[in-house]
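# Inside the fold
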2 protein chains.
Amino acid sequence: MNQIKIFCPATVANLSCGFDVLGLCLESIGDEMIIRKSNEKGLRITNITGADLPLETNKNVAGVAGMALLNHLDLEFGFEIEIHKKIKAGSGIGSSAASAAGVVVGINELLGNPLHRKELIPFAMEGEFLASGSYHADNVAPAILGGFILVRSYDPLEVIKIKSPKDLYVTIIHPHIEVKTSEARSILPKEIPLKTAITQWGNLGGLISGLYTEDYGLLGRSLQDAVAEPYRKNLIPEFDNAKKSALENGALGCGISGSGPSIYALSKGLENAKNVADGLKKVYIKTEIRFDVYVSKVCDKGVIKLQ
Amino acid sequence: MNQIKIFCPATVANLSCGFDVLGLCLESIGDEMIIRKSNEKGLRITNITGADLPLETNKNVAGVAGMALLNHLDLEFGFEIEIHKKIKAGSGIGSSAASAAGVVVGINELLGNPLHRKELIPFAMEGEFLASGSYHADNVAPAILGGFILVRSYDPLEVIKIKSPKDLYVTIIHPHIEVKTSEARSILPKEIPLKTAITQWGNLGGLISGLYTEDYGLLGRSLQDAVAEPYRKNLIPEFDNAKKSALENGALGCGISGSGPSIYALSKGLENAKNVADGLKKVYIKTEIRFDVYVSKVCDKGVIKLQ
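All values derive from a computational prediction rather than experimental measurement. Throughout, a residue's number is its position along its own chain's written sequence, starting from 1. Chain A is the first chain written and ligand 1 is the first ligand written, with later ones labelled in order. Given that the model is predicted, a residue must reach a pLDDT of at least 70 before its local features are reported, and side-chain atom pairs must reach 80 or more before they are shown or counted; all residues, however, enter totals for whole chains, interfaces and linings. Heavy atoms throughout the structure, all of them, feed into the side-chain values; hydrogens and water do not.

## What about the UniProt feature "domain: GHMP kinase C-terminal" (unreviewed entry) in chain A?
- UniProt positions are given in the numbering used here, feature names are shortened, and annotations may be inferred rather than shown by experiment. Mapped onto this numbering, the UniProt entry gives "domain: GHMP kinase C-terminal" (unreviewed entry) at residues 208-285 of chain A.
- What you have in residues 208-285 of chain A is 55% helix and 13% strand, and the ends, taken at the C-alpha atoms, are 35 Å apart. Under the scheme used here, helices are H or I runs from DSSP no shorter than 4 residues and strands are E runs no shorter than 2 residues, and both carry numbers assigned from the N terminus.

## Some remarks on the relation of the copies chain A and chain B
- Once chain A is rotated about the relating axis by 180° and shifted along it by 0.0 Å, it coincides with chain B to within an RMSD of 0.0 Å. The relationship between the two copies is best expressed as a two-fold rotation axis.
- When the interface residues of chain A are mapped onto chain B, 97% of them are again interface residues, pointing to one common binding face. Here the copies were fitted onto each other by least squares, based on C-alpha atoms from residues at pLDDT of at least 70 in both. Residues count as neighbours in contact if any of their non-hydrogen atoms are within 4.5 Å of one another.

## So, the sheet that holds strand 11 (residues 291-297) of chain B
Residues and elements named next belong to chain B.
- Strand order in the open sheet made by the four strands is 9-10-7-11, with antiparallel pairing throughout. Since the sheet does not close on itself, it has two edges, and those belong to strand 9 (253-256) and strand 11, each with one partner. Averaged over all adjacent pairs, the angle separating strand axes in this sheet is 20°, with direction ignored.
- The pairing of strand 7 (residues 168-175) with strand 10 (residues 263-268) spans six bridges and is classified as antiparallel. Residue pairing for strand 10: I173 is matched across the bridge by I263.
- Lines fitted to C-alpha atoms define the axes, with helix axes restricted to the stretch in contact, and inter-axis angles between N-to-C directions lie between 0 and 180 degrees. Of the strands in this sheet, strand 9 and strand 10 are in contact with helix 9 (residues 239-248), which crosses strand 9 at around 160°.
- Sitting on the sheet, helix 10 (residues 270-285) touches strand 7, strand 10 and strand 11, and the angle it makes with strand 7 is about 15°. DSSP calls a pair of strands paired once it identifies at least 2 bridges connecting them.

## Quick notes on the packing of aromatic side chains
- Only centres within 6.5 Å qualify two rings of Phe, Tyr or Trp (six-membered ring in Trp) as a pair; their planes then separate them into stacked at under 30 degrees, edge-to-face at over 60, and tilted for everything else. Applying the stated criterion across every chain yields a total of seven aromatic pairs over all chains.
- When the ring of F129 of chain A is compared with that of Y135 of chain A, the centres are 4.4 Å apart and the planes differ by 15°; the resulting orientation is stacked.
- The partly exposed category is assigned to Y135 of chain A, whose relative accessible area is 42%.
- When the centroid spacing of 5.2 Å and the interplanar angle of 15° are considered together, the rings of Y212 of chain A and Y212 of chain B count as stacked. Of this pair, Y212 of chain A sits in helix 6 (residues 194-213) while Y212 of chain B is found in helix 6 (residues 194-213), placing the two residues in two different chains. Between buried and exposed lies partly exposed: a residue is buried under 20% and exposed over 50% of the maximum accessible area for its type, with that area taken using a 1.4 Å probe on protein chains only.

## A closer look at the interface of chain A and chain B
- Contact with chain A, which involves 35 residues of that partner, is made by 34 residues of chain B.
- Contact with chain B buries surface across chain A, with R152, L194 and W201 of chain A losing the most and accounting together for 28% of the total.
- Salt bridges are defined as contacts in which a side-chain nitrogen from Lys or Arg sits within 4 Å of a carboxyl oxygen from Asp or Glu. Viewed at the interface, chain B and chain A are joined by two salt bridges.
- Of the charged contacts in the structure, one is a salt bridge between E158 of chain A and R221 of chain B, with a shortest N-O distance of 2.7 Å.
- Two N or O atoms form a polar contact when they lie within 3.5 Å of each other; inside protein one atom must be a possible hydrogen donor and the other a possible acceptor, and for residues adjacent in sequence the pair counts only when both atoms belong to side chains. Applying the counting criterion to the chain A and chain B interface returns 13 residue pairs in polar contact (both at pLDDT 80 or more).
- Only strand 5 (148-154), strand 6 (157-162), strand 8 (191-193), helix 6 and helix 7 (216-222) of chain A provide two or more residues apiece to the side of chain A that touches chain B. In this description, buried area is defined as the sum, over both parts, of the accessible area (probe of 1.4 Å) that is lost when the two are combined.

## Details of the packing of helix 1 (residues 61-73) of chain A against helix 2 (residues 95-110) of chain A
All names here are of chain A.
- Interaxial distance between helix 1 and helix 2 falls to 8 Å at its minimum, and their mutual angle equals 35°. Between helix 1 and helix 2 lies a crossing whose hand is right-handed. Contacts between helix 1 and helix 2 involve V61, A62, A65, G66, L69 and L70 from the former and S96, S99, A100, V103, V104 and I107 from the latter.
- When residue character is reported, Ala, Val, Leu, Ile, Met, Phe, Trp, Tyr, Cys and Pro are called nonpolar, Asp, Glu, Lys and Arg charged, and the others, Gly included, polar. Per-class residue counts for the contact of helix 1 with helix 2 are nine nonpolar, three polar and no charged. Whether a crossing is left-handed or right-handed is set by the direction in which the near helix is turned from the far one by less than a right angle, anticlockwise for left-handed and clockwise for right-handed.

## A closer look at empty space enclosed by the protein
- Cavities and pockets were defined on a 1 Å grid built from protein atoms only: a cavity is a group of points that admits a 1.4 Å probe but offers it no way out, a pocket is an open group of points flanked by protein on both sides within 12 Å along at least five of seven lines, and a lining residue is one with an atom within 4 Å of any such point. Grid points are joined across faces, edges and corners, and a volume is the space filled by probe spheres set on the points. Applying the stated criterion across every chain, the model contains two cavities of 30 Å³ or more.
- Looking at the largest cavity, the residues that line it are N14, S16, F19, D225, A228, E229, R232, G255, I256 and G258 of chain B.
- Broken down by secondary-structure element, the contributors of at least two residues to the lining of the largest cavity are helix 8 (229-232) and strand 9 of chain B.
- The residue inventory of the lining of the largest cavity, partitioned by class, reads three nonpolar, four polar and three charged.
- Source of the domain bounds: an automatic or database domain assignment. No fewer than three residues from each of domain 1 (3-162 + 300-305) and domain 2 (168-297) of chain B sit in the lining of the largest cavity.
- Size it by volume and the second largest cavity reaches roughly 50 Å³.
- Every residue lining the second largest cavity is listed: N14, S16, F19, D225, A228, E229, R232, G255, I256 and G258 of chain A.
- Residue assignment for the lining of the second largest cavity shows that the elements contributing at least two residues are helix 8 (229-232) and strand 9 (253-256) of chain A.
- Grouping the constituent residues of the lining of the second largest cavity by class yields three nonpolar, four polar and three charged.

Written out as structure tokens, the structure reads:
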């Protein structure tokens, strides 16, 4: 095999009470990437569609992540990649992570999978570092492994995959506004009340428990964020109305995807997820803000080989 | 049935990263209680052995918890109880909770179980309020329900039972020193760094995950407390040496039981748990401090009917 075409999924990180530790992988939202072997060492980006991103390897998220892997593998040959972006940059559903995850999984596949998927995460994190200035795994790990991913620890890195309850669907609305990750981070307090922290980890425990037991009610009751959402929601116009609408339309829970501006809602069943989508559209259609709405299952596979 | 004899188990609350939300029930450490129907309304405590506790119903934890239940049930008759304490007061393994849990489960059993065990928790919490001045469920809920109990929320109260991995054993050492719950609480900071809180809930997520997947290694890596232990350990002489010894002797994890002074360790298998017990004894035998050591399985049943 000298060429591979892959689907690079979008992801939702900072799942409410799972702020900074829990993300999920989407099934029907994502980029495509073509990777082919080349006699020339290193990595060249030959084509990018759907976004205005640099072709220079060392300035491109996929380039940096791919090179981190290639430097580790020390091969006698190299790769060319085409990136076909469908996830909008800055949408808060892991656009950079999709590219970083895609390139490392794709190269690994072309080589016959010398590394386990979990071992690929640190290389993809190099791409995330280029994009955001911090090494975080809560988008790249779900993109690579699929399902729900708990990042238990960064030092050493330990990620835990939890299979998604089978009827769980995600609705995403992406209002076309800019939320700078740096601002979303800087408005968070450095210290939080112990009581608030306990509330948060009680809910996270409930959420993890609900995933294992497929208890949708428990998932819903646990999907609360006492820590980041009260601050970050102020960066997203109509957030309160959107959340109210999602819950009224049957969503189990609703919160900010990543650091925004996208809003995610989890629902039991496709029909509920679609109703939630309709409600969210109605909230934003009243405003000047343009938006995209998506409905997707949780993807338990991560990056997928298309051909 | 006019009389019942029950086993009222000891419990470990504040399980490291599960500070304030996670407790477990012990199988072979606990009190006994005899409860019999009486023609006279209300609740009388007729005998207490093993501890110097008040016989007056309204000053006794079991009395207050039992009366809370009786006031709810509004019966034409009453009960007499005998309490045979084996759990030492102030040991940090749920002595008051055992009495509060025992009385409500025992009365409910004698009445043919009109309430589900979960419904009994708020009445037992009345007993805990008498003992500590706060309504907490992290000892009474495991004592009533057995297994591991996550207190997801207090308002409304929601507790989640998680079955214990089958080879999990608990070692407890109770150094005979006094740790006042009020002091153990007052030395905790009111605010904690957000980063520390995230570390804690990452670990709690890992712990819950490890319980469902029976992944002992993950349990061990997750059993860390970045929040309370760094402060509270200073109230327990030899804590660092005890923890070091437990981990060197094969414990998965080790921490403070409740608000101390008891120290708990979890191990895979009885042999490991006994080795841990031997090591802990050696730490305290070098000191002037007297101690008790126990090894127990996690009890998945909670309060048990003996006859």
